[in-house]
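Residues per chain are reported as follows:
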Protein chains: 2
Amino acid sequence: MTTRFAFEKLGQDGKARLGRISTPRGEIRTPAFMPVGTAATVKAMMPESVADTGADILLGNTYHLMLRPTAERIDRLGGLHKFMNWSKPILTDSGGFQVMSLASLRKLTEDGVTFKSHIDGSKHMLSPERSMEIQRLLGSDIVMCFDECPALPADRKRIEESMRLSMRWAARSREAFGDRPGYALFGIQQGGLEEDLRGESARALRDIGFEGYAIGGLAVGEGQEAMFACLDYAPDQLPEDRPRYLMGVGKPDDIVGAVKRGVDMMDCVLPSRSGRTGQAFTRHGVVNIKNARHADDPRPLDENCSCPACRNYSRAYLHHVFRAQEMISGMLLTWHNLHYYQEIMQGMRDAIASGTFADWEARFHADRAEGDIPPL
Amino acid sequence: MTTRFAFEKLGQDGKARLGRISTPRGEIRTPAFMPVGTAATVKAMMPESVADTGADILLGNTYHLMLRPTAERIDRLGGLHKFMNWSKPILTDSGGFQVMSLASLRKLTEDGVTFKSHIDGSKHMLSPERSMEIQRLLGSDIVMCFDECPALPADRKRIEESMRLSMRWAARSREAFGDRPGYALFGIQQGGLEEDLRGESARALRDIGFEGYAIGGLAVGEGQEAMFACLDYAPDQLPEDRPRYLMGVGKPDDIVGAVKRGVDMMDCVLPSRSGRTGQAFTRHGVVNIKNARHADDPRPLDENCSCPACRNYSRAYLHHVFRAQEMISGMLLTWHNLHYYQEIMQGMRDAIASGTFADWEARFHADRAEGDIPPL
């Protein structure tokens, strides 16, 4: 096993890239989808099951973990990997995004953000330096720069000022991160939907220098068309020889469109959150298992899926346990959704390797256009 | 694999019996503890995990299943085993007990009980004949007679009349069950805490003839001392060569005391329900994982336990995920509790086989008396 963090590009088909990230905790096959383990657990899943779906890395949320059980406690207990029984790589966000979406009484200054916990109202502070400290205490393999991310739409001046603040914070994050062999710090490109601001942000990040580069500030309300228009240029502004991570994306077709445009890594709560609300993602689109049409249906969600939910249970069973509010409903549908997401990633990796990404993408869209199997 | 239902007594130590029930769906090692899978799922567990704990059989609830998704639907879908992905034996109760505890607007006649569903208020009927039909539709391997069970304390006249009604219903259950090779019908002894009524009930059941005999009407508020006093004679009143099943029991020390008195099978929601409320059963008694003393404790619940919760997680983690109301809390603690219950059963089976039940029991109580490990 390597002692260094490294990225190797193994192939390319159009703009879609096949690659491998090496870390002391294991390899990450790219394009990679990272399940979200907010509070030191991917909700409704045992970590060995998350690994069984094919995930090489998962994401932890700095904001949630700093509030409960606290980074200092996790450090005393041996770090996040040991705490949550996940030995593969972990990426943590910086906390910035969730302070903005979850905390109350936020106060933003050049130094950082003060806020009150959404759990108990206690007062906390996040800055580039504190975020680096927390992510180090957690033992995160891939650390994200502390940044500010305005919701869209926002006016150009607000986006420009926010991006420049984030770039000053990126320099402070790099400085505070220091020299940590085997660990990576990723810069985060901002600039909203403005190509020139995205370019300015990318240049600022390249001047600082990072092990990887994220595209931030998307999937915040702008819609898929606008996001794809931005992704038509944003990845190209980032270094060719480093992984590119699109934060907080997305639905299956968002993910395919992002990979097509040169993105290597993504994360989203959607497959796990939807699993708990009775929504299953399949090759043929979304299935709402609570729909009465499934009550007597002996067929699996997807007869070609090899996950436990599809291998061992009927739609009728999944419908029943959802209606009865049984925990196994969320357990099975989350497993299915995470499995399906990883199948998409594997399908894209295989297609890029064989130079057939366009065919794969056409089949992906054709399968979805077919829609769910007709009722019996 | 056998095509018949059979019970073989393999050993005895004092009154404690070691045995084996053979069914076409697999063997049940006795003394056996049956986890409860009320609504076609042992809450918070995958069925393969339930099997991993060592369970040979689980219990389904006729009352819940007849209301949702209905026995007819489960029959159309291929039976309860297939529906819930559990291939080993299943015992179903008759529905009588839960009609009394959960349904509203109950009306009891010689024929049976009419009631309204606690889920949607719809009107339903249970009788010996209907209960047999439902349990046949479910595909239950061990079917229970439809009976009436008064809460204790109750006056002798009420208990006597209720017992005699249950005995008439037992004869009708036997008649309605018919001849079903490979399946078993168990009679249920009633009679409260009155030895002569228990004796009369046992004689009535023996005259009808069953594949197994349950002790009903205990663990309904009488306390452990009164229950054990009844168990000092009740099992002896039942046939020596058939399994004896004590319904709805219980805490670990209830179970040990029952086996000591000649009981072969038990069921209880306690290990699974407690797992979802943060209570863990260990060799050293009950651990309340929500207690602040565990917040920084890197030690497992029980260092000698081989379940996933103890092998892979600290008390601090279990405390954190309980406080954060994460589903993995109920998943891990339920697994631990069911594993611990099955360890008790295996310990008793081994002790009976080697004629050391008294030593085993003394150690069981001594371990509990020690109490939980001291805080760090």
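Note that residues are indexed from 1 along each chain, following the sequence as it is written. Lettering for chains starts from A, numbering for ligands starts from 1, and both go in the order in which the items are written. pLDDT decides what is reported in this predicted model: residues at 70 or higher carry local features, side-chain atom pairs at 80 or more are listed and counted, and totals for whole chains, interfaces and linings draw on all residues regardless. As a convention, hydrogens and water are excluded, and side-chain values are obtained from all of the structure's heavy atoms.

A. Here's a closer look at the packing of helix H7 (residues 156-177) of chain B against helix H8 (residues 195-208) of chain B. All names here are of chain B. Every axis corresponds to a line fitted to the C-alpha atoms, with the helix fit spanning only the stretch in contact, and the corresponding angles, defined between N-to-C directions, vary from 0 to 180 degrees. A run of DSSP states H or I qualifies as a helix once it reaches four residues; a run of E qualifies as a strand once it reaches two. Both are numbered from the N-terminal end. With their axes 10 Å apart at the nearest point, H7 and H8 run at an angle of 10° to one another. With respect to H8, the element H7 is oriented roughly parallel. Residues Arg-156, Ile-159, Glu-160, Met-163, Arg-164, Met-167, Ala-170, Ala-171 and Arg-174 of H7 form the contact with H8, whose own contacting residues are Asp-196, Leu-197, Glu-200, Ser-201, Ala-204, Leu-205 and Ile-208. Under the convention adopted here, Pro, Cys and the residues Ala, Val, Leu, Ile, Met, Phe, Trp and Tyr are nonpolar, Asp, Glu, Lys and Arg are charged, and Gly plus all remaining residues are polar. By residue class, the composition of the contact of H7 with H8 is nine nonpolar, one polar and six charged. For this classification, under 35 degrees means roughly parallel, over 145 means roughly antiparallel, 65 to 115 means roughly perpendicular, and everything else is oblique. The contact rule is simple, with two residues in contact once any of their heavy atoms fall within 4.5 Å.

B. Structural context of the sheet that holds strand E9 (residues 123-126) of chain A. Residues and elements named next belong to chain A. Within the open sheet, the three strands sit side by side as E7-E8-E9. Their pairing is antiparallel. Here the strands that pair on one side only, and so sit at the sheet edges, are strand E7 (104-108) and E9. Neighbour to neighbour, the strand axes of the sheet diverge by 15° on average, direction disregarded. Here a strand pair is declared whenever DSSP counts at least two bridges between the two strands. In the sheet, strand E8 (residues 113-116) pairs with E9 via four bridges, with the strands oriented antiparallel. Note on E9: the bridge partner recorded for Lys-116 is Lys-123.

C. The packing of aromatic side chains, seen in detail. Aromatic pairing here means that ring centres of Phe, Tyr or Trp (its six-membered ring) are within 6.5 Å. Orientation follows from the plane angle: under 30 degrees is stacked, over 60 is edge-to-face, and everything else is tilted. Enumeration according to the criterion identifies 20 aromatic pairs over all chains in this entry. Ring geometry for A:Tyr317 versus B:Phe83: centroids 4.9 Å apart, planes at 80°, classification edge-to-face. One end of the pair, A:Tyr317, is in helix H13 (residues 315-323); the other, B:Phe83, is in helix H4 (residues 80-84), on a second chain. Assigned by exposure class, A:Tyr317 and B:Phe83 land together as buried. Taken together, A:Phe33, A:Phe281 and A:Tyr341 form an aromatic cluster joined through their ring pairs. Lying over the aromatic face of B:Tyr183, B:Arg180 brings its terminal NZ or CZ to 4.1 Å of the ring centre. Remark: a charge is flagged as sitting over a ring if the NZ atom of Lys or the CZ atom of Arg is within 6 Å of the ring centre and within 35 degrees of the ring normal. Over the face of the ring belonging to B:Phe228 we find B:Arg261, whose NZ or CZ atom lies 4.0 Å from the ring centre. The buried label applies to any residue whose accessible area, calculated with a 1.4 Å probe on protein chains only, is under 20% of its type's maximum; exposed applies above 50%, and partly exposed to all values in between.

D. Broad picture of empty space enclosed by the protein. Using a grid of 1 Å spacing that covers the protein atoms alone, one calls a set of points a cavity when a 1.4 Å probe fits there but cannot get out, and a pocket when the set is open and has protein on both sides within 12 Å along at least five of seven lines; lining residues are those with an atom within 4 Å of a point. Grid points are joined across faces, edges and corners, and a volume is the space filled by probe spheres set on the points. On inspection of all chains with the given rule, the structure shows five cavities of 30 Å³ or more. Its volume calculated, the largest cavity comes out at about 60 Å³. Along the walls of the largest cavity sit A:Tyr313, A:Tyr317, A:Ile328, B:Ala40, B:Thr41, B:Val42, B:Met45, B:Met46, B:Pro47, B:Val50, B:Leu58 and B:Met84, which together make up its complete lining. A breakdown of the residues in the lining of the largest cavity according to their chemical character gives 11 nonpolar, one polar and no charged.

E. Focus on the pairing of strand E12 (residues 212-215) of chain A. Residue and element names in this part refer to chain A. Side chains Gly-212 and Ala-214 of E12 all project onto a buried face; the interleaved residues Tyr-213 and Ile-215 project onto the opposite face, where all are buried too. For the segment spanning strand E11 (residues 184-189), helix H8 (residues 195-208) and E12, crossover handedness is right-handed. In this sheet, strand E13 (residues 244-246) lies alongside E12 in parallel orientation, the contact comprising three bridges. Looking at E13, one finds that Ile-215 is bridged to Leu-246. Crossover E12 to E13 through helix H9 (residues 224-231) is right-handed. Crossovers are marked right-handed if the path from the first strand over the helix to the second runs clockwise, as seen with the strands pointing away from the viewer.

F. Here's a closer look at the relation of the copies chain A and chain B. It takes a turn of 180° to lay chain A on chain B, together with a shift of 0.0 Å along the axis; the resulting RMSD is 0.0 Å. This pairing of chains is accounted for by a two-fold axis. When C-alpha positions in chain A are compared against the rotation axis, the closest is assigned to A:Met327, at 3.8 Å. A shared binding surface is used by both copies, with 100% of the interface residues of chain A retained as interface residues in chain B. The fit set for superposing copies consists of C-alpha atoms from residues with pLDDT of at least 70 in both; the fit itself is least squares.

G. Molecular detail of the sheet that holds E13(A). Residues and elements named next belong to chain A. Spatially, the eight strands line up as an open sheet ordered E4-E14-E13-E12-E11-E10-E6-E5, and their pairing is parallel. Two strands close off the open sheet at either side, each with one partner strand: strand E4 (32-34) and strand E5 (58-60). Averaged over neighbouring strand pairs, the angle between their axes works out to 25° when direction is ignored. Pairing of strand E10 (residues 142-144) with E11 involves three bridges; the strand directions are parallel. Residue pairing across strands places Val-143 opposite Leu-185, the latter belonging to E11.

H. Here's a closer look at the confidence of the model for chain A. Overall, the prediction assigns chain A a mean pLDDT of 97, with 100% of residues at 70 or greater. Model confidence for the complex is summarised by a pTM of 0.98, with the ipTM given as 0.98. A residue's pLDDT is simply how confident the predictor is in it, with values from 0 to 100.

I. The interface of chain A and chain B, seen in detail. Across the boundary between the two partners, chain A contributes 39 residues, which contact 39 residues of chain B. Here chain A meets chain B over a buried area of about 3200 Å², counting both sides, of which 60% is carbon and sulfur. When two parts are put together, the accessible area they lose, computed with a 1.4 Å probe and summed over both, is reported as buried area. For chain A, the biggest contributors to the area lost against chain B are A:Met46, A:His320 and A:Met327; these three give 19% of the whole. Any Lys or Arg side-chain nitrogen located within 4 Å of an Asp or Glu carboxyl oxygen qualifies as a salt bridge. At the junction of chain A and chain B, the tally comes to six salt bridges.

J. The arrangement of the environment of B:Met348 in detail. Inspection of the secondary structure puts B:Met348 in helix H14 (residues 327-353). Considering only alpha carbons, one finds B:Met348 and B:Gly182, 166 residues apart in sequence, at a separation of 28 Å.

K. Helix H15 (residues 357-370) of chain B, seen in detail. All names here are of chain B. Taking 1.5 Å as the rise per residue, H15 with 14 residues should run 20 Å; its terminal C-alpha atoms sit 20 Å apart, in good agreement. If you check which residues of H15 are buried, you get Phe-357, Trp-360, Glu-361, Phe-364 and Asp-367. One side of H15 holds all its buried residues, which, seen down the axis, span an arc of 125°. Of the residues in H15, the exposed ones pointing more than 90 degrees away from the buried face are Ala-358, Asp-359, Ala-369 and Glu-370. Along its buried surface, H15 packs onto strand E1 (6-13), strand E2 (16-23), helix H10 (252-260) and H14. Directly after H15, the chain includes Gly-371, whose backbone phi takes a positive value near 80°. By this rule the span expected of a helix is its residue count minus one, scaled by 1.5 Å. To be clear, the arc concerns the directions from the helix axis to the C-beta atoms.

L. View of unusual backbone geometry. All names here are of chain A. The peptide bond linking Thr-30 to Pro-31 adopts the cis configuration, its omega dihedral lying at 0°. As for its position among the elements, Pro-31 is in the loop between strand E3 (26-30) and E4. Of note in the backbone geometry, Ala-44 takes a positive phi value of approximately 75° without being a glycine. Secondary-structure assignment places Ala-44 in the loop between E4 and helix H1 (47-52). Residue classification places Ala-44 among the buried residues on the basis of a relative accessible area of 2%. If you check the backbone angles, Leu-105 has positive phi at about 50° while not being a glycine. Mapping Leu-105 onto the fold places it in strand E7.

M. Focus on helix H7 (residues 156-177) of chain A. Residues and elements named next belong to chain A. Here H7 spans 30 Å end to end across 22 residues, near enough to the 32 Å set by a 1.5 Å rise per residue. Inspection of H7 places Ile-159, Glu-160, Ser-162, Met-163, Leu-165, Ser-166, Met-167, Trp-169, Ala-170, Ser-173, Arg-174 and Phe-177 among the buried residues, and these make up the whole buried set. In this structure, the buried residues of H7 make contact with E7, E8, helix H6 (128-138), E10, E11 and H8. One or two residues past the end of H7 sits Gly-178, with phi positive at roughly 70°.

N. The arrangement of the nonpolar core in detail. Among the nonpolar cores identified, the biggest contains 202 residues, and A:Met266 and B:Met266 are the most heavily contacted of them. Each residue touching B:Met266, except ones within four places of it in the same chain, is listed here: B:Ala32, B:Phe33, B:Met34, B:Tyr245, B:Leu246, B:Val249, B:Ile255, B:Ala258, B:Val259 and B:Met345. Residues belong to one nonpolar core when they are buried, are Ala, Val, Leu, Ile, Met, Phe, Trp, Tyr or Cys, and are joined through side-chain atoms within 4.5 Å.

O. Quick look at the pattern of salt bridges. A full pass over the atoms with the stated rule returns 62 salt bridges over all chains. A salt bridge links A:Arg20 to A:Glu8; the nearest nitrogen and oxygen atoms lie 2.9 Å apart. A residue pair is termed long-range when its members are at least 10 positions apart, and A:Arg20 in strand E2 (residues 16-23) and A:Glu8 in strand E1 (residues 6-13) qualify at 12 residues. One salt bridge connects B:Arg130 with B:Glu72, and the closest N-O pair in it is separated by 3.1 Å. Pair noted here: B:Arg130 is in helix H6 (residues 128-138) and B:Glu72 is in helix H3 (residues 71-76), with a separation of 58 residues, a long-range link. Looking at B:Glu72, the relative accessible area reads 30%, which means it is partly exposed. It is possible to trace a salt-bridge network through shared partners that takes in A:Lys9, A:Arg17, A:Glu240, A:Arg244 and A:Asp264.

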